Amino acid sequence: MRGMGNMQGMMKKMQKMQKEMMEAQEALNQQQFEGTAGGGMVKVIMNGQRQVLEVNLDESVVDPEDIEMLQDLIVIATNEALKKVEETTNSTMGKFTQGLNLPF
């Protein structure tokens, strides 16, 4: 019966880790991440769920003659914000999955 005690202890540890993971994920989802381009003339803000919350454009970057540049700057700023979300997610959630090779 000694093995049952170890199993119960392991289950409690797993439940605690699962709760901590959920709390960490929720905190991550509430964070905001900003990507910029064009020296800050274009800003994209998204949350940890990778939802775009805001796109801010400086008036000087809006040129009807060069829409392609504005589109490129928005893409760059969005990708930068996404990269920040990914990096933060990996560092935050990685401590829970370290060595387990699990996707999150």
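Quick caveat: nothing in here was measured; it's all calculated off a predicted structure. (Residues numbered from 1 in each chain as written. Predicted model: local features only at pLDDT ≥ 70, side-chain atom pairs only at ≥ 80, totals over all residues. Heavy atoms only, no water.)

**Q** Let's hear about the overall build of the protein: which residues, and what values?
**A** Across its full length, the protein carries two helices and three strands. By the compact-globule yardstick of 13 Å for 104 residues, the protein is too spread out, its C-alpha radius of gyration being 21 Å. C-alpha extents for the protein along the principal axes are approximately 80 × 20 × 15 Å. Excluding contacts between residues fewer than 6 apart, the proportion of contacts in the protein whose partners are at least 24 apart in sequence is 46%. As displayed, the protein offers around 7600 Å² of accessible surface, 54% of which is attributable to carbon and sulfur atoms. Charge centroids of the protein, computed over 10 positive and 15 negative side chains, lie 27 Å from each other. (Helix = DSSP H or I, 4+ residues; strand = E, 2+ residues; numbered from the N terminus. Rg over C-alpha atoms; globule rule 2.2 N^0.38 Å. Contact = heavy atoms within 4.5 Å. Areas by Shrake-Rupley, 256 points an atom, 1.4 Å probe, with all protein chains shown as cover. Lys, Arg positive; Asp, Glu negative; His and termini not counted. Charge placed at Lys NZ, Arg CZ, Asp CG, Glu CD.)

**Q** Talk me through the sheet that holds strand S1 (residues 32-37); I want residue IDs and the actual numbers.
**A** The pairing of strands in a sheet comes from backbone hydrogen bonds and takes either a parallel or an antiparallel form. If you walk across this open sheet you meet the three strands as S1-S2-S3, and the pairing is antiparallel. At either margin of the open sheet sits one strand with a lone partner, and together these are S1 and strand S3 (52-57). The sheet shows a mean angle of 15° between the axes of neighbouring strands, direction not considered. (Pairing = 2+ DSSP bridges. Axes fitted to C-alpha atoms, helices over the stretch in contact; angles between N-to-C directions.)

**Q** Which residues make up the pattern of salt bridges, and what are the values?
**A** In this structure the tally under the stated criterion is three salt bridges. The shortest N-O distance in the salt bridge between Arg50 and Glu86 comes to 2.7 Å. Separated by 36 residues along the polypeptide, Arg50 in the loop between strand S2 (42-47) and S3 and Glu86 in helix H2 (residues 67-97) bring together distant segments of the chain. Assessed through its relative accessible area of 37%, Arg50 is described here as partly exposed. Using a relative accessible area of 34% as the deciding quantity, one classes Glu86 as partly exposed. The residue Lys84 makes a salt bridge to Glu80 at a minimum N-O spacing of 3.5 Å. (Salt bridge = Lys/Arg side-chain N within 4 Å of Asp/Glu carboxyl O. Buried < 20%, exposed > 50% of the residue type's maximum accessible area, 1.4 Å probe, protein only.)

**Q** Describe a nonpolar patch on the surface, naming the residues involved and giving the relevant values.
**A** A cluster of nonpolar side chains, namely Met7, Met10, Met11 and Met14, defines an oily patch on the protein surface of about 410 Å² accessible area. Tracing the chain through its elements places Met10 in helix H1 (residues 2-30). (Patch = residues over 30% accessible without salt bridge, like charges linked within 9 Å, V, L, I, M, F, W, Y side chains within 5 Å.)

This is a description of form; function is not addressed.
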